[in-house]
Amino acid sequence: MKDIILDHLKQSKVPSSIASMLSSIGNVEEVRTKSVIVEIGAMCNRIFFVLEGGLVSQYLTESGSYKTVNFYLGNLQSFVTIPNSYFLHEKSSFRLKAITQSQVVSFEKEVLDQLVAESSEFRDWYQKKIIHTLVEEYSSKSNIITMSSKEMYQYLLREQPEVIRSVPSTYIAQYLGISREHLSRMRKEIG
């Protein structure tokens, strides 16, 4: 399994030395479709790296329905955690759910923190990765707030086609804030 983790990390442009460190501490987990790996209200002390399949983060609205707020695929935002829980030690305000049969590697915060303390090379990479992830999240949120659902769908088609190819329409519709029927009509209209 270590070799599989190492290969995937290198394919994701993780430097070889960092990939070696991570592959030695990661735990591979098989996650069934629709399984929740972090529930709202739980503590999240792990970072996940998506090897295969995909995850979504979801928020529970006041009306009792779930709203998809982001996608995590092997080739798109493959590192994921619940930031308020992981960094601030708060109960999770989101859940992470598998959208397909998935394989992830989990890394325990305590072990990552130890690597940060022991290796300046790892610390520098880890901090850059966190900043990059936060910038991606901010950009994603800015787009969803400022674009209409049609503009956002066109953006996904153009900039993140793997989302359109890999993510079931239910989650794309939730993300766009529209019904699946509206998404279907929009897809036909756009072509």
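Now for a description of the structure that goes with this document. On a predicted model such as this, the values are computed, not experimentally measured, just so you know. (Residues numbered from 1 in each chain as written. Predicted model: local features only at pLDDT ≥ 70, side-chain atom pairs only at ≥ 80, totals over all residues. Heavy atoms only, no water.)

This paragraph deals with the overall build of the protein. On a plain count of helices and strands, the protein comes out with 9 helices and 8 strands. Compactness check: the protein gives a C-alpha radius of gyration of 17 Å against a globular reference of 16 Å for 191 residues, within 12% of the reference. For the C-alpha atoms alone, the extent of the protein along its principal axes is close to 55 × 35 × 30 Å. Within the protein, counting contacts between residues at least 6 apart in sequence, those at least 24 apart form 69% of the total. A total accessible area of about 10,200 Å² is found for the protein, and carbon and sulfur atoms account for 51% of it. In the protein, 22 side chains carry a positive charge and 21 a negative one; their mean positions are 7 Å apart. (Helix = DSSP H or I, 4+ residues; strand = E, 2+ residues; numbered from the N terminus. Rg over C-alpha atoms; globule rule 2.2 N^0.38 Å. Contact = heavy atoms within 4.5 Å. Areas by Shrake-Rupley, 256 points an atom, 1.4 Å probe, with all protein chains shown as cover. Lys, Arg positive; Asp, Glu negative; His and termini not counted. Charge placed at Lys NZ, Arg CZ, Asp CG, Glu CD.)

Taken in spatial order, the 4 strands line up as S1-S8-S3-S6 in an open sheet, and their pairing is antiparallel. Of all the strands in the sheet, the pair left with one neighbour each is strand S1 (27–31) and strand S6 (79–80). With 5 bridges connecting them, S1 and strand S8 (residues 102–108) associate as antiparallel partners. Directly across from Val 28, in S8, lies its bridge partner Val 105. (Pairing = 2+ DSSP bridges.)

A few words on the layout of surface pockets. If a probe the size of a water molecule is rolled over the atoms, the empty space left behind becomes visible. Its boundaries defined by the atoms lining it, the largest pocket holds a volume of some 390 Å³. Among the elements that make up the lining of the largest pocket, the one with the highest residue count is helix H5 (residues 120–146) (6 residues). Looking at the lining of the largest pocket, its residues break down into 4 nonpolar, 8 polar and 4 charged. The computed volume of the second largest pocket comes to approximately 270 Å³. (1 Å grid on protein atoms, 1.4 Å probe; cavity = no way out; pocket = protein on both sides within 12 Å on 5 of 7 lines; lining within 4 Å. Points joined across faces, edges and corners; volume = space filled by probe spheres on them. Nonpolar A, V, L, I, M, F, W, Y, C, P; charged D, E, K, R; others polar.)

Glancing now at the nonpolar core. In this structure, Leu 22, Phe 79 and Phe 122 are the most contacted members of the largest nonpolar core, which totals 21 residues. Elements represented by at least two residues in this core include exactly helix H1 (2–11), helix H2 (16–25), strand S3 (46–52), S8, helix H4 (109–118) and H5. Formed by 20 residues, the second largest nonpolar core is a distinct cluster that contains Val 163, Val 167, Leu 176 and Met 186. (Core = buried A, V, L, I, M, F, W, Y, C linked by side-chain atoms within 4.5 Å. Buried < 20%, exposed > 50% of the residue type's maximum accessible area, 1.4 Å probe, protein only.)

Before going further, it helps to spend a moment on the sheet that holds strand S5 (residues 66–73). Spatially, S2-S7-S4-S5 is the arrangement adopted by the 4 strands of the open sheet, whose pairing is antiparallel. Both outer strands of the open sheet, strand S2 (36–38) and S5, are each paired with one neighbouring strand and no more. In this sheet, adjacent strand axes meet at a mean angle of 30° when their direction is disregarded. Pairing of S2 with strand S7 (residues 95–98), which is carried by 2 bridges, proceeds in the antiparallel orientation. Directly across from Val 38, in S7, lies its bridge partner Leu 96. (Axes fitted to C-alpha atoms, helices over the stretch in contact; angles between N-to-C directions.)

On to the environment of Ala 173. Looking at where Ala 173 falls in the secondary structure, it is placed in helix H8 (residues 169–176). Separated by 13 residues in the primary sequence, Ala 173 and Gln 160 place their C-alpha atoms 15 Å from one another. In contact with Ala 173, other than residues within four places in its own chain, are Ile 178, Ser 179, Arg 180 and Leu 183.

On to the environment of Asn 143, then. Positionally, Asn 143 belongs in helix H5. Using a relative accessible area of 14% as the deciding quantity, one classes Asn 143 as buried. The spacing of Asn 143 and Tyr 155 is 12 residues in sequence and 8.8 Å in space, taken between C-alpha atoms. Discounting residues that sit within four places of it in the chain, Asn 143 has contacts with Met 152 and Tyr 155.

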